[in-house]
Amino acid sequence: MSTQSFRSLLAILLFLTVPAMAHDPSEHMRAAENPDCTTMDGSSHEGMDSNDPIVQAMMKKCMSAMHKEATSIEAEATESPALGERMTEEGHSHDHPES
Amino acid sequence: MKQILKVLLLMLVTGSAGFAFLYSGIYPMGADSPHTSLTYWALETLREHSIERASRTLVLPDLSSPDLILAGGADYNEMCSACHLEPGKRGSDMSAGLYPQPPNLTIPPFLHRVDDNSERTSNLAREQFWVIKHGIKASGMPAWGKTHDDQRIWAMVAFLQQLPRLDSAQYQILTARGNTEEAHH
């Protein structure tokens with residue numbers, strides 16, 4: 001293969017590779033930072049306007065985070081019966097808030 | 001006839017001077033050397049009117065949707081905050097080094113204007129969409145539309161409408177990528 005042909009082939013391959021470089025949200029899921037929802041705890045809800053898009057978005061995000069956390073604890077307890085028993089003894093029910 | 005010759009001669013001299021200037025290389029191109037105020041005004045006027053004209057006919061979706069805000073927050077944090085900052089940050093290496101300096105999007109856009117109204121806000125949202133999608137020549141602002149669809153760009157615009165009202169804690173919650181996928185469905 002001549003140098004000229006090789007360069008042309010390389011250019012075509014590079015061109016075809018570009019769309020694959022698009023920013024896909026799933027690429028970030030592994031290193032994704034979790035929301036710190038401690039500011040959304042009970043008493044801090046006072047004064048929040050439930051019609052405010054920011055409040056609605058934060059509630060949605062934190063409810064989703066709590067749901068995921070509860071699901072993972074539940075799954076862990078199922079995998080390890082001892083942990084499940086310990087949680088029941090400590091008064092942790094398996095109920096979790098629905099989002 | 002004499003007048004026409006004079007005008008033609010003047011045009012020739014002006015044109016030659018212009019070309020001589022372009023090829024001389026004396027204009028400073030470094031980002032650390034600001035334009036003259038006349039050049040800056042001309043470029044800014046050209047940019048503002050071009051964006052306003054191009055974005056005029058865009059149809060706005062509902063930008064107050066929590067799902068849209070959440071989707072846009074995560075993208076803003078990863079793609080934009082290095083230059084356009086986040087609550088609690090006054091500058092970054094990128095925002096300090098780029099010229100023209102990227103706008104700090106955590107500051108309300110109409111802070112110094114008394115004629116703030118919803119039409120102006122809608123126009124700003126249309127312009128933001130256009131700028132994110134198409135970028136701006138020779139400014140460091142990329143055209144994200146080459147790799148991102150309109151829905152994702154509108155989500156970033158939705159987030160931008162709320163950004164000036166966010167504090168650091170709210171920003172962290174709305175931009176954390178964790179659980180975003182669940183929030184979409």
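Note that this is a predicted model, so its numbers are computed, not measured. (Residues numbered from 1 in each chain as written. Chains lettered and ligands numbered in written order. Predicted model: local features only at pLDDT ≥ 70, side-chain atom pairs only at ≥ 80, totals over all residues.)

A. Representation of the overall build of chain B in the model. The secondary structure content of chain B amounts to nine helices and zero strands. In terms of C-alpha radius of gyration, chain B reaches 21 Å, well past the compact-globule figure of 16 Å for 185 residues. Dimensions of chain B along its principal axes, counting C-alpha atoms only, are 75 × 35 × 35 Å. Looking at chain B residue by residue over its 185 residues, the buried ones come to 26%. For chain B, the share of sequence-separated contacts (at least 6 apart) that also reach a separation of at least 24 residues comes to 69%. (Helix = DSSP H or I, 4+ residues; strand = E, 2+ residues; numbered from the N terminus. Rg over C-alpha atoms; globule rule 2.2 N^0.38 Å. Buried ≥ 20, exposed ≤ 12 C-beta atoms within 10 Å, placed from the backbone. Contact = placed C-beta atoms within 7 Å.)

B. Representation of the overall build of chain A. Counting its regular elements, chain A contains three helices and zero strands. Beginning at the N terminus, the succession of helices and strands in chain A can be written as α-α-α. Among the 99 residues that make up chain A, the fraction classed as buried is 10%.

C. Spatial organisation of the nonpolar core. Counting 35 residues, the largest nonpolar core has Met156, Val157, Ala158, Phe159 and Leu174 of chain B as the members making the most contacts within it. Mapped by element, the contributors of at least two residues to this core are helix H2 (53-79) of chain A together with helix H3 (66-79), helix H6 (118-134), helix H7 (150-162) and helix H8 (168-175) of chain B. (Core = buried A, V, L, I, M, F, W, Y, C linked by C-beta atoms within 7 Å.)

D. Seen up close, H6 of chain B. Residues and elements named next belong to chain B. Between its first and last C-alpha atoms H6 spans 24 Å; for 17 residues at 1.5 Å apiece the expected length is 24 Å, and the two agree. Residues Ala125, Arg126, Gln128, Phe129, Trp130, Val131, Ile132 and Lys133 constitute the buried set of H6. Those residues of H6 that are buried are in contact with helix H2 (37-55) and H7. Taken from the residues just after H6, Gly135 is the one with a positive phi, measuring 70°. (Expected span 1.5 Å × (residues − 1).)

E. Spatial organisation of the confidence of the model for chain A. Here chain A averages 65 in pLDDT, while 29% of its residues score no lower than 70. Here residues 90-99 of chain A scores under 50 on pLDDT; set against residues more than four positions off or in separate chains, the count is ten contacts. (pLDDT = per-residue confidence, 0-100.)

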